Amino acid sequence: MPLVTPLDASQDPKTAALAAFFNETLGFCPNSVLTMQRRPAISKAFINLNKAVMANEGRVTSALKRMIAWVSSNATGCRYCQAHAIRAAERYGAAQEQLDNIWEYRTHPAFNEAERVALDFSLAASQVPNGVNQAIKERLHEHWNEGEVVEMLGVISLFGYLNRWNDSMGTTLEEDAIDSGDQYLGKHGFEVGKHV
């Protein structure tokens, strides 16, 4: 049971209009946003930040951004965000072989070196204490420019916020997200946990 009950999507018309963004991303408005709208300034600011972070301005694709989000959420243990991130990666065209082998991104041939370092960066930046070091910095700059690194860290930071929000809130996981989590993460023990 969540810490706070999500409100109906029509509760705040401005939030509802902005939340249409998630219909493309996930196919539904997430319960996390429906909880945030108890304070509409938070839900509106979050949606606008999400849209800015997920905009593609370099070579970091929408699918890679969602895989970065999954690695970050996996590092922190947030099942809610893991399921959402893998679902969004699927919806944004991540290769089937990458979705099926996300756990093995470091060694699986479906991932190239640029993707591997982006996902390693996500893992290191999501750890406490932070694990970003000189070696990761050097590897990142072999494949990505500074603007693209900013885009990646924007995703990691956004999901740091979401991981804390949803894991603390015990946000109820939506059925479509559960299906994606089971399909792609189930073989490694994915379960809904507290997000029932």
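Above this note sits the structure.
Each chain has its residues counted from 1, following the order in which its sequence is written. Local features in a predicted model are, by the rule used here, given only for residues with pLDDT of at least 70; side-chain atom pairs are given and counted only at 80 or more, and totals for whole chains, interfaces and linings are based on all residues. Where side-chain values are given, they derive from all heavy atoms of the structure, hydrogens and water being excluded.

Trainee: With reference to specific residues and values, describe the overall build of the protein chain.
Mentor: In this text, helices come from DSSP runs of H or I with a minimum length of four residues, and strands from runs of E with a minimum of two, each type numbered from the N-terminal end. Along its length, the protein chain carries 10 helices and zero strands. Counting from the amino terminus, helix and strand elements in the protein chain follow one another as α-α-α-α-α-α-α-α-α-α. With the radius of gyration taken over C-alpha atoms, the globule rule is written as 2.2 Å times the number of residues to the power 0.38. At 16 Å, the protein chain has a C-alpha radius of gyration in line with the 16 Å of a compact globule built from 196 residues. Here the C-alpha coordinates of the protein chain stretch approximately 45 × 35 × 30 Å along the principal axes. Relative to its full complement of 196 residues, the protein chain shows a buried share of 51%. Burial here depends on accessible area, computed with a 1.4 Å probe over protein chains only, as a share of the maximum for the residue type. Under 20% is buried, over 50% is exposed, and the range in between is partly exposed.

Trainee: For the nonpolar core, give the residues involved together with the corresponding values.
Mentor: To qualify as a nonpolar core, a set must consist of buried Ala, Val, Leu, Ile, Met, Phe, Trp, Tyr and Cys residues joined through side-chain atoms within 4.5 Å. By size, the foremost hydrophobic cluster in this structure holds 61 residues, and its most contacted members are I68 and W144. By residue number, the principal contributor to this core is helix α9 (residues 146-169), which donates nine residues. Not counting the four nearest positions on each side in its chain, W144 is found in contact with R59, V60, L64, A114, E115, V117, A118, V149 and M152. When checking whether two residues touch, look at their non-hydrogen atoms; a contact exists if any pair is within 4.5 Å.

Trainee: Would you mind going over helix α10 (residues 175-185) in detail, with residue names and values included?
Mentor: Side chains of residues three or four places apart in an α-helix project in the same direction, reflecting 3.6 residues per turn. Those residues of α10 that fall on the buried side of the exposure criterion are A177, I178, S180, G181, Y184 and L185. For α10, the arc enclosing every buried residue in end-on projection is 165°, short of the 170-degree limit, so these residues lie on one face. If you follow the buried residues of α10, they end up packed against α4 (62-76), α5 (79-91) and α6 (96-100). The arc under discussion is defined with respect to the helix axis, by the directions toward the C-beta atoms.

Trainee: Hey, could you go over the packing of aromatic side chains for me, with residue numbers and the actual values?
Mentor: When the centres of two rings from Phe, Tyr and Trp lie within 6.5 Å, Trp using its six-membered ring, the rings pair. Their planes under 30 degrees apart give stacked, over 60 give edge-to-face, and anything left gives tilted. Counted according to the given criterion, the structure contains six aromatic pairs. Plain terms: the ring middles of F22 and F46 are 6.5 Å apart, the flat faces sit at 5° to each other, and that makes the pair stacked. Of this pair, F22 sits in helix α1 (residues 13-25) while F46 is found in helix α3 (residues 40-54), placing the two residues 24 residues apart along the sequence. For the pair F22 and F46, one class covers both residues: buried. Between Y105 and F111, the ring centres sit 6.5 Å apart and the planes meet at 75°, which makes this aromatic pair edge-to-face.

Trainee: A description of the state of the cysteines should follow, citing residues and the corresponding values.
Mentor: Here, a disulfide means two cysteine sulfur atoms that sit within 2.5 Å of each other. Scanning the entire structure with this criterion turns up zero disulfides. The closest cysteine sulfur to the non-disulfide-bonded C29 is located on C81, 14 Å from its own sulfur. Judged by relative accessible area, C29 falls into the buried class, the value being 19%. Not engaged in a disulfide, the cysteine C78 finds its nearest cysteine sulfur in C81; these two sulfurs lie 3.6 Å apart. The exposure class assigned to C78 is buried, which follows from its relative accessible area of 0%.

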